[in-house]
Structures are given as structure tokens and as C-alpha cells.
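What the coordinates show
Now for the letters of each chain:
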Amino acid sequence: MNYNYHQDLNIVRMNTMPDRAYYIPCAPSKNTTSKENNERVLLLNGSWKFTYYPSFAEASLEGVSDNVLPVPSNWQMYGYDKHQYVNIDYPIPYNPPFVPKENPCGVYKRTFSVELTEEMQFHLNFEGVDSCHYVFLNGVFIGYSQVSHSTAEYDITPFLQDGENEIAVMVLKWCDGTYLEAQDKFRMSGIFRDVYLLQRPQHHVRHYVVQTSLQQESATVSFKFDDFGTALVKSVKILDAEGRAVAQGETCDETLSLTIENPVLWNAEQPYLYQMVLDTLQERIIDTIGIRTISAQGNVLLANGQPIKFKGVNRHDSYPDTGYVASREQMVRDLQLMKQHNINAIRTSHYPNAPEFYHLCDEYGFYVIDEGDMESHGAWSSHGFRDNDWYAVVHHDPQFQTAIVDRVQRLVTRDINRPCVVIWSLGNESGLGVNTLAAVDAVRKLDSSRLLHYESKNFMPEDQEKFNFDILDVESHMYPDLEYTERLAQENKKPLILCEFAHAMGNGPGSLSEYYELFYRYDGFAGGFVWEWCDHAILQYDASGNAQYLYGGDFGEVLHDGNFCVDGLVYPDRTPHTGLLELKNCARPVHITRAGNTFSAENKLDFADLSDAVTVVWSLEQNGTKIAEGSIANFNLAPHAKAPLPLSLPPIDGARVYLKFEYLQKAVHPLIPVGTSLGFDQFDLSTEDMSVSLPVSHSAVTAEQTPTGWLVNGETFSYHFNTALGTFDSFKIDGIECFDRPAEFDIHRAPTDNDMVEAGIASYGQNSWKSLRLDAAYAYTYETVVEQSNTSVTITCPLSLVADRAAPFCNIQAVYNVYGSGAVEVSMHVSVRKDLAYLPRFGMRYFLTEDFQNCTYFGYGPQESYSDKHAGSYKSMFNATVPDLFENYIYPQENGSHSGTEECTLSNANTTLKAFSTKPFSFCASEYTREELAAKKHHFELQKGGCTVWNIDYAMTGVGSGSCGPYTIEQYRLTEKEFVFDYMFIPRRNL
Ligand code: IPT
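Residues numbered from 1 in each chain as written. Predicted model: local features only at pLDDT ≥ 70, side-chain atom pairs only at ≥ 80, totals over all residues. Heavy atoms only, no water.

As a reminder, the rule being used: UniProt positions are given in the numbering used here, feature names are shortened, and annotations may be inferred rather than shown by experiment.
The protein has the name Beta-galactosidase in an unreviewed UniProt entry, where Paenibacillus pseudetheri is given as its organism. Recorded in UniProt for the protein, the comment headed Catalytic activity (unreviewed entry) runs: "Hydrolysis of terminal non-reducing beta-D-galactose residues in beta-D-galactosides."

This is the structure in C-alpha cells:
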């Protein structure tokens, strides 16, 4: 093939029609916006003939292949070419405008029939093709376009023949646009969004812009039409949600202004939409209109004049079975989950989503930062490892200006009529330079009604002086730590937005509640967008039909970024991660606080009165059992207002008494069933501490020395203490062994993704857990002393935790009191080596026989919880099986611990073992050892350990979000250098 537009920076398109707002027209008097069952739309989705060529040079339109490929799809999902996941770097040499000669090319072909008439034109639409396409009709070249996530439209009328026609599309994997599409994703190719033919009358409205403005008691809706200057008669009707006409008008001009009296405004909580019916002689266009304003007053972000907070997420089009293809059902499912987890804002990272997505956001109520298809930080690593001097080269080089400006123009023009879009984004992380200024200008020319965001901090050295951040409307940051975030919030002159924060990779993010606390504390803090919504992975099935997820490096790629794509709030199949439950409660609609006996509610919504949105119910539990409940119906509370709750509680007396308020959806919303829980607050009202007395037994207990330690015998038990290990290696109750192997001291954990630097998995970590050898710690015991009384045996064992090459990590004075009942009191006085910044954990792990499957605990649950990640969990008495306690991360890692635990029991058919402490501890019960979790790279490689691993930890360091952001903050790390860990171990024979 001789075409070379894909290697020409000045040609981003050839023969496309001028860009326009997205809409689907229909015939006059019809009432549809759908592509289906619409006589004006010929949807060309479906099965296309497909020929794959490893290089464009070999590709031919003549080749006939019997292979077929669905449109829309990505060809890598069907076995052509191979998957590659890279985050920031370019997967091809940085050598613009050239791309590799081995440039995979898919030739798509199909036929369709049209009936040609004088009156009608035919416009061919591609909503998304990666990376670029050449179109041919009946063998004739029609045009070319790049920009994977934007629409390309061609007028093919002159090339059509009456009856059957053949369309051929050559899609290339790489083009010079690839240098502008270095987004963090699997790099897939193909026609991945709808393809269709629109029949348009010779005279029609091509483009229209709807803008709304608010007066005291009315709204002006202004239309600007592009009808090619034909003075077409345009008649516009605006209907309210009940279908009543509230305004109408007719014009031959290019503009029209209509007034709506007492308008109902659009916001994400109450997404009220009007309908526009735009009639011309031979065509109708139906669209929705949302009336709202977005503005900044000082540093406060306002919608409709009211301060708002973004409780946002970054979302990619990424599905494990369909790749980039996002069906309406898949998009609605995402939005439903978001709504049910209190998410009200989406940043379309880092490209425009399917046009229909924005209609769904309008309808269901989301604020959108709509981002241009632009990310060029790949140049960063082009001259060595992440050299900042090269970061911004693309935005600096005027050769790229046409392409960069084209991308934002396509973005703004397509989505200009969507009320959900409140902020435009030039793209992501492409640096700052002359092209940034041109792109800002282009956006401002097209739309002055929205705010403008762009996050990138790097310049080419010579550009440093030129850039004034005042040209952007919001102050956007990524992954700042809490201290810096607070400083920004105190100093910002424009609304502050964390466009990415709380990297949700694996077990995390930690400290989400601290960020949310700052969002609310500062009026000028407009909130933030968690990175990111979903795990990206490729689905395959094992022989038994179990789902397996693959990530970077699993396809033989040389360049890849491993599992960095698996960093979402939901698993690839949209099962929520525990991090999403955390986010949900941080973003809950109500906060209740306590002052003495008064509980006050604060409405955290921006628009809805509480009585319309939420029902507050409460329940009182004692030791996990409900003792009272009630509901506070119709509690009027204006947005952002705070007031004491009318509440009368029964008299409270005792330990472990917890009051929980829960917020249930009250308003009717298509995605949130009435009664859905939207979050909670919980208060400890206990008047005393829980105490567990050791079971009384007068039976004797004896200790006798063995070659390896001491056998401690009682009437119902026989334990063996191993003096070399400093712990018990056998634990028999009524003759039945509970241990699979000796207990151990434990100061390590299977690194989480967020630990990757601290743990020493990423190459750049210093003083890592690995280099310190925390993962190799074992006990070195000194002289054990055993003392006996009539009713107890006391074993005192001083020891150190050591590792080869390392100085002792800590010294422990371990004392075990064994009573006639079989109860064991464990007391450890621990002194940690002063230079160790912190320990991942400190505790003991017991390897119980694998039949210990049932767990009951009083602590933070039901999902896993950590010191910096328990806003979404609450205290109660929970029952779970050991497999249920496991959180099956795609990349295995520490999981399933429960902080704030006061007691925990594990049982099999014969025996119940209870661990109890007066100071809350963390526990974990798992079928997998931490060594196994650390060794395996995929969930499906894991092998059970043949035992139940039971960790009882004095403390477990929090999870943080260190995979791309701050590590666990100081207060949630186990930094103590001297502490005492006491707990009781109470066995009971089951009846
Ligand atoms: C930041 C990117 O903006 C985002 O696309 C994603 O790659 C994320 O990190 C990591 O998952 S880039 C980083 C250098 C801050």
C-alpha cells in the first residue's frame, strides 16, 4: 500500500467532514435517538471479513479471506497479533513521524445495500478506530483519519452505487498519532466502536450548540446552528420530563434563543433533563438538554451557584472479554456500581469515551471531566530512564501542533451539548509547551461555558519561563501526600482537584478517609478522582472453566509494565474490591458525629435535602447481637447543613455496645433501588471493657522435659513447647492434634502492590524489607526457664528474631502461662532494633490443621480491614469460613486481615480455639502461606498450604498507596520500638 498519511504529522485526516456534535437523527415525526430501528441509520456493526497482515506494506485490498471479525472489537482479543501492556513508555521507537515497518494491519470488508435517491446524502461514521484507518468504497479511496477515540465522518454519497456496495477499511496498529496516545492501557487495535451510515437530507442541520444561562426565575437556552448557510427553517421544541412543551421557536437564522420559566436545573444528584426536538423539513434531531452552570468563585467550584465536591474516579474503557469495546450494558453496569458507591464524578482518562457514555452520565447524574485523546509522556524515557528534559518534547515541538489542536477540537465539538461535561481536559501528562497554548486557545474558542483542566508539570528547559498556569481554570494535582495536599488546599487560588489520587492497586488504597476529610475541610477543595475504576486484564479460562486474568508480560512482550494495569476499584468482572467499599463510605451522603449524648447529622450532599434523598436507620448491637433499632424518617436537612438528630436510645450498659447509623437510598433513581445502603457511621457506646476470664479448672498441669523442649500436660490437653523455636510445636486437645506444624513469630507479610518499593520488589527501593531481610526472620532462643505450680506451668523464653547477615530485628521476652483448663496466656515484651523504621507486622502465626475452617471474630469486618483502611468496615461479631476471608487479588498479596479485633475463634469439628486480647489486634486466617502469596504472580497459580494459617498480630502496618503515591503514613506504621503483646489462647472441645 502506498498511502503514507499515517506518517505525516500535518495530515491527521483526509476527506472527513467537518466535526460536529454527536447526535443520531431520525425521520420527521419519528421519535428516536437510537441507531437501531431507525430508518435513517444503517448500522454496519456485525461480522466483517477480516484479513490480518503483519505489516501494512504487505496489506492488500484484493486479498480474500474467509476469516471474519466482529465489529466493534479489538483484533488482539481474537488471536491476531498479540497483547502488550505498557503504561507510560512508547511501545515503538520514539522516531516521529515514522512508525515501525512491521506495522500490523487489519483489512476489514463487508457489503451493504442502499437505495440512492436525489434527496439523500449518506454519511459514513466511525466512532472509534485504533490507531488510524484508510477507507475505500467499491475500490475507491474515500479518506483517512486518526485519533482513536474520536469520530470520523465521511460523505460517501458520490461514491455509492444503487444496491450493493463494498466497503473496505484498512486499520493500522501504529501511526504518528501513536505518539499522542501513550495512555496507560493494553495497546489494542481495530474498529472498536460503532460504524454506521446516516442518511441525511440534502438540507440539514449539521452541527448545533446548545448553551444555557440562568436568570432569577428563568433560563435562556441558546442554540447556534450550522446548516451550511442554507437558511433552513428550524423549529425547536423543548419538552419537560413529563413531555410538556415548555418553550418553542422557529428560525431560518443561525441562532435561536428560548426561555424556560422556573427551570428545573440539572445536577449529578438530581439529573433533570429536558428534551429538545429539532425539526427541519426532512429530518428530526432529538437530544436532551440539561440546564446548569459551572463556575469558579474564587477558589470554590460551583454548580448552579452551589459549592460541589467531586467524589470521582478515573475510568478507562476496559473489559476483560471485550477489550476497548464498551456496550451500553457494560457502561450502565459501571455507572450503576459507581452510583451505588456514592461516586458522582468521572474523569474519562485519558481519551473521550463512546459518545453514548455521556448521554448515560447526563441521564444518571455524573459530573464528567472530558479528556482529549492525548498523552505523550512516552518521550520521557526516550533518552534514558525518565529524563525530565525529554518529557514535554511533543507539546514543545510545533510539528505536532496540528495534531494536538485537532484532538481537543474533536473532543469539544463532539461533546459540547452534554450537561454532564463540566470540565474539559487537554489530555494527560504530555508536558507543557507551545502546543499546550494552542490547544487552550482552541478549546476556549469553541466553548467558554466550561472550566479547563490539564495536569502536567514538566516543561522543556527552554519553555519554563513561557507558561503561566493562569490559563487553566482549576488547580490539578496527582498523588500528593497528605501534608502537601493540605498545603495546596490552604494556598490554592483556583478550585483544587486531585485528578488522580489513592492509587487503588491491589490491597488499598490506604488513608482514603484522610483525603476525604481534607476535601470537606477546605471550601476550595473540589475533591478528587481515585486512580482508577477497573482492573485491566485479559480473561482466559482454565480447563475447568475458571476465569483467569492476564496482565502485562503474560503475552511474551519484551517491553511491558507487568500488573500496573491491575489497579482498579473493581476486579475486571466488576466485582468490587474492598477499596471500593472504603471509597463508598468516605463518600457517604451523611456524616453523623457525636458530642456527649447528642448525635448530629450533616448532609454531605450538594443539592438534595436529606429528607428527599436518604432514610437514616439505626441499630444498637451488644457483642454483635442487635438489641434495638429504629429509623429517623423524613429528617429535613438542607444540603451542607448540620443538625442534632431526634433519637431516643434505650439505656446502655455493658461492653461492646455499638450504635450504627445507616443511610438508605430513599429517592427513586433508576440505578439505585430504594433501600440500598449508601454508607454508615458507627459509635462505641460501651460503658465498660470486655473481659474474658480464663476458664476455671482445678485440674493439674505438669511439665516434663523432652529432647526438644517441654511437654505440658493437663487433663484435656497436651502441648509441646519447642525451646529452639520459642513457641509450641504441638497442640493436642483431647488427644487430637490442632497444629500442622510449629507456630512461628512473624514480622513480614506477602508484599502488597503498594509495598512494592518498600518491600524491595521494585528495583528502586532502598532499605527495603528485602534488603533488611525481614522476610527471612527466625527465632534465636536463649535459655528457657520452666516453672510449675499446682494449676499452671510458666515457660519463660527470651529470644531474638534474627536473619542470616542481619543484626537481630528484635528481642522478645516471651512468657507462656499454661493453665489446667488448657488456656494459655501469652505475654511478649518486645524491643525492636532502633534503626528499623517500622515493621510490616508483629505477631505469631499458627499453622492449624486444614479442617479449621470456621472463623468467628469481633473486629472490623466483614471485608478485610487495616489500620488505614477500615472506613468501609464496622465492628461486630462476624462469622466466616476461612476461604471466605480470602480476598483473591489477581496479583497475590497480603489480604484478608482484620484490624481492631478483640477476639477471634477458629474451629473444626472437634475443637474451638479462641484468641482474645484486651488490646485490639489484627488477625488473618488463610489457606495460603504468605510465602506462597509472595512467590506467585497470578491468582490462578496459588497452591493451598494444606493448613489454616492463623496470624495473630499485635499490629499490622497499614496499606497506603505506595504503588503510585504516598506510602503508608507514619501513624499507621508499626513504628513502636518497645511494646507488650498479651493475648490469651483458649481451647475448647466441641460437644
Ligand atoms: C499516572 C497516569 O496519569 C495514569 O495514567 C496511570 O498511569 C497512573 O499514573 C499509574 O497507574 S502517571 C504517574 C507517573 C504519576
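Let us keep going from here.
Structural notes on the pairing of strand β51 (residues 785-788)
Here is the rule we go by: What makes two strands pair is DSSP finding at least two bridges between them. For helices the rule is a DSSP run of H or I covering at least 4 residues; for strands it is a run of E covering at least 2, with both sets numbered from the N terminus onward.
Two elements, β51 and strand β52 (residues 792-803), share four bridges in a ladder whose sense is antiparallel. The partner of V785 across the bridge, within β52, is T796. Where β51 folds back on β52, the antiparallel hairpin that results is connected by three residues.

Description of the packing of aromatic side chains
Geometry of an aromatic ring pair is reported as the spacing of the ring centres plus the angle between the planes. The following threshold applies: Within 6.5 Å between ring centres, the rings of Phe, Tyr and Trp (the latter by its six-membered ring) count as paired, and their orientation is classed by plane angle as stacked under 30 degrees, edge-to-face over 60, tilted in between. Exposure categories follow from relative accessible area, calculated using a 1.4 Å probe and restricted to protein chains: below 20% of the type maximum is buried, above 50% is exposed, and the middle band is partly exposed. Working rule: Lys NZ or Arg CZ, within 6 Å of ring centre, within 35 degrees of ring normal, means a charge sits over the ring.
Tallied over the full model, the rule gives 72 aromatic pairs. With a centroid separation of 6.3 Å and an interplanar angle of 80°, the aromatic rings of F459 and F469 are classed as edge-to-face. Of the two residues, F459 sits in the loop between β31 (451-455) and β32 (475-478) while F469 sits in the loop between β31 and β32, which places them ten residues apart along the sequence. Taking relative accessible area as the criterion, F459 reaches 14% and is therefore assigned buried. Residue classification places F469 among the partly exposed positions, given a relative accessible area of 32%. Relative to F728, the ring of Y719 lies with its centre 5.9 Å away and its plane at 75°, an arrangement referred to as edge-to-face. In this structure, R20 packs its charged tip against the face of Y23, placed 4.4 Å from the ring centre. The ring of Y838 carries R973 above its face, with NZ or CZ at 4.4 Å from the centroid.

What to know about the site of the ligand
Note the following rule: Distances are taken per atom, and a residue is near a molecule or strand as soon as one of its heavy atoms is within 4 Å of it. Any pair of nitrogen or oxygen atoms within 3.5 Å is treated as a polar contact; in protein, a donor-acceptor pairing is required on top of that, and neighbouring residues in sequence qualify only through side-chain atoms on both sides. Accessible surface area values rest on a Shrake-Rupley calculation with a 1.4 Å probe, where residue burial reflects the displayed protein chains alone. Lys, Arg, Asp and Glu make up the charged group, whereas Ala, Val, Leu, Ile, Met, Phe, Trp, Tyr, Cys and Pro make up the nonpolar group; the residues left over, Gly among them, are polar.
Residues in close proximity to the ligand total 14 residues, the closest being D184, H350, N428, E500 and H503. The side chain of N428 places a nitrogen or oxygen atom 2.8 Å from an oxygen atom of the ligand. One of the side-chain nitrogen or oxygen atoms of H503 is found 2.7 Å away from an oxygen atom of the ligand. Within the complex, 91% of the 380 Å² of free accessible area of the ligand lies under protein. Taken together, the residues of the shell around the ligand break down into six nonpolar, four polar and four charged.

Digging into helix α8 (residues 512-521)
Rules: Two residues form a contact once any of their heavy atoms are found within 4.5 Å.
Of all the ten residues making up α8, seven are buried; the element is thus mostly covered by neighbouring parts of the structure. Three or more residues of α8 are buried, namely L512, E514, Y515, Y516, L518, F519 and Y520. In this structure, the buried side of α8 is in contact with β27 (310-314), α7 (482-491), β33 (496-501), β34 (525-530), α9 (578-586) and β37 (590-595).

Concerning the nonpolar core
Formally: Put simply, buried Ala, Val, Leu, Ile, Met, Phe, Trp, Tyr and Cys residues joined by side-chain atoms within 4.5 Å make one nonpolar core.
If you look at the biggest cluster of nonpolar residues, it comprises 137 residues, and the most contacted ones within it are F310, L335, Y367, W533, I592 and F661. Ignoring sequence-local partners within four residues, the contact set of F310 consists of L301, N344, A345, Y367, V422, I423, I497, F519, A526, G527, G528 and F529. In this structure, I733, A779, M828 and Y846 belong to the second largest nonpolar core, which totals 67 residues.

Considerations on the packing of helix α1 (residues 328-340) against helix α2 (residues 355-364)
Just so we agree on the cut-off: Axis angles are defined between N-to-C directions and span 0 to 180 degrees, where every axis is a line fitted to C-alpha atoms and, for a helix, only to the segment in contact. Should the near helix be turned anticlockwise from the far one by less than a right angle, the crossing is termed left-handed; should it be turned clockwise, right-handed.
At a closest axis distance of 10 Å, the pairing of α1 and α2 adopts a crossing angle of 35°. Here α1 and α2 pass one another in a crossing that is right-handed. Along its contact with α1, which presents R328, M331, V332, L335 and K339, the element α2 presents E356, F357, L360, C361, E363 and Y364. In the contact of α1 with α2, the residues fall into seven nonpolar, no polar and four charged.

Brief notes about the domain arrangement of the protein
Stated formally: Boundaries of every domain are those given by an automatic assignment or by a domain database. Defined in terms of a 1.4 Å probe, buried area is the accessible area two parts forfeit on being brought together, summed over both.
Domain parsing of the protein yields domain 1 (5-201), domain 2 (207-281), domain 3 (308-584), domain 4 (590-684) and domain 5 (703-989). A C-alpha centroid distance of 33 Å is found between domain 3 and domain 4. Counting residues at the interface gives 13 residues for domain 3 and twelve residues for domain 4. The contact between domain 3 and domain 4 buries some 1100 Å² in all, and 59% of this surface belongs to carbon and sulfur atoms. The three residues of domain 3 that bury the most area against domain 4 are Q340, Y364 and Y520, which together make up 39% of that side's buried surface.

Notes on the sheet that holds strand β24 (residues 294-297)
A sheet is described by the order of its strands in space; here three strands give the open sequence β24-β25-β26, paired in antiparallel fashion. Single-partner strands in this sheet number two, and they are β24 and β26 (306-307). Sheet analysis places β24 next to strand β25 (residues 300-303), joined by four bridges and oriented antiparallel. Within the sheet, the bridge partner assigned to S295 lies in β25 and is L302.

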